[in-house]
Amino acid sequence: MTDDEVLAEFRAAEALLEGHFILSSGLRSSRYLQCARVLMDPARAERLARALAAKLPTDLEAEVTAVIAPAMGGLICGHELARALGVLSMFVERPTGTFELRRGFRLEPGQKVLLMEDVVTTGLSSREAIAAVNAAGGQVIHAASLVDRSGGTADLGVPFTPLIRLDVPSYQPDALPPELAAIPAIKPGSRAA
């Protein structure tokens, strides 16, 4: 799937938004990719996950035994990528503010897993999820996402494959360009206030 085809999927789902957005990282942006909208169509979610699976290194499939995603945003795309790879799907969540593996999910010591995100901006949530997997005994050997909006600068500490890499500027709240500062900010993500 080409970048244009991926963006066409987001546009068809009305998931490519323009305005003034507060990202999960606290940064601000004029564009927002609402992955929940693009993933609400199971056929579209499957197409995107299969396209991402095709981009992953071929030797990875023989090593990875599970895909783990952070809740909430990574749940559907993590499940679909696990299906495309033919492995288990699990998730980490933040019941007390820190990611942890719960709900009876468990990993064997050293079990190799792939971390799946919907969108990576700074990589902080991914690194926190990787730390939770490590604490549970697993080993994240690769990470993936539908969208890398860091422009390729996010360091997750493991090899990282996005379906699409976008260079969408993001700003500190106190350093907004005038055209963005003139628009009311909204927080559309899973951690919206």
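Predicted, not measured: the structure shown is a model, and the values here were computed from it.

A. Spotlight on unusual backbone geometry. Each neighbour pair has its own omega, and for Ala 71 with Met 72 the value is 20°, a cis peptide bond. Mapped onto the elements, Met 72 comes out in the loop between strand S3 (66–70) and helix H5 (75–85). Even without a glycine there, the phi angle at Glu 14 is positive, about 55°. The residue Glu 14 is located in the loop between helix H1 (3–12) and strand S1 (16–22) in this model. Taking relative accessible area as the criterion, Glu 14 reaches 56% and is therefore assigned exposed. A positive phi is found at Arg 103, a non-glycine position, where the angle reads about 60°. When you line up the elements, Arg 103 lands in the loop between strand S5 (100–101) and strand S6 (112–120). Given the relative accessible area of 59%, Arg 103 is considered exposed.

B. Representation of the pattern of salt bridges in the model. According to the stated counting rule, one finds 12 salt bridges in the structure shown. The partner of Lys 112 in a salt bridge is Glu 63, and the shortest N-O contact between them spans 3.4 Å. Of this pair, Lys 112 sits in strand S6 while Glu 63 is found in helix H4 (residues 60–63), placing the two residues 49 residues apart along the sequence. With a relative accessible area of 31%, Lys 112 lands in the partly exposed category. The residue Arg 102 makes a salt bridge to Glu 93 at a minimum N-O spacing of 3.8 Å. Judged by its relative accessible area of 34%, Arg 102 is partly exposed. Connected through salt bridges with shared partners, the residues Glu 9, Asp 41, Arg 44 and Arg 47 form a single ionic network.

C. Focus on the sheet that holds S3. Ordered by their spatial adjacency, six strands build an open sheet running S5-S4-S3-S6-S7-S8, and the pairing between neighbours is mixed. Each end of this open sheet is capped by a strand with a single partner; those strands are S5 and strand S8 (160–165). Bridging between S3 and S6 involves three bridges; their strand directions are parallel. Bridge pairing links Val 67 to Leu 114 in S6. On the sheet, helix H3 (residues 42–55) packs against S6, strand S7 (139–148) and S8 and is oriented at approximately 130° with respect to S8.

Calculation rules
- Residues numbered from 1 in each chain as written.
- Predicted model: local features only at pLDDT ≥ 70, side-chain atom pairs only at ≥ 80, totals over all residues.
- Heavy atoms only, no water.
- Helix = DSSP H or I, 4+ residues; strand = E, 2+ residues; numbered from the N terminus.
- Buried < 20%, exposed > 50% of the residue type's maximum accessible area, 1.4 Å probe, protein only.
- Salt bridge = Lys/Arg side-chain N within 4 Å of Asp/Glu carboxyl O.
- Pairing = 2+ DSSP bridges.
- Contact = heavy atoms within 4.5 Å.
- Axes fitted to C-alpha atoms, helices over the stretch in contact; angles between N-to-C directions.

The analysis is restricted to geometry; functional conclusions fall outside its scope.
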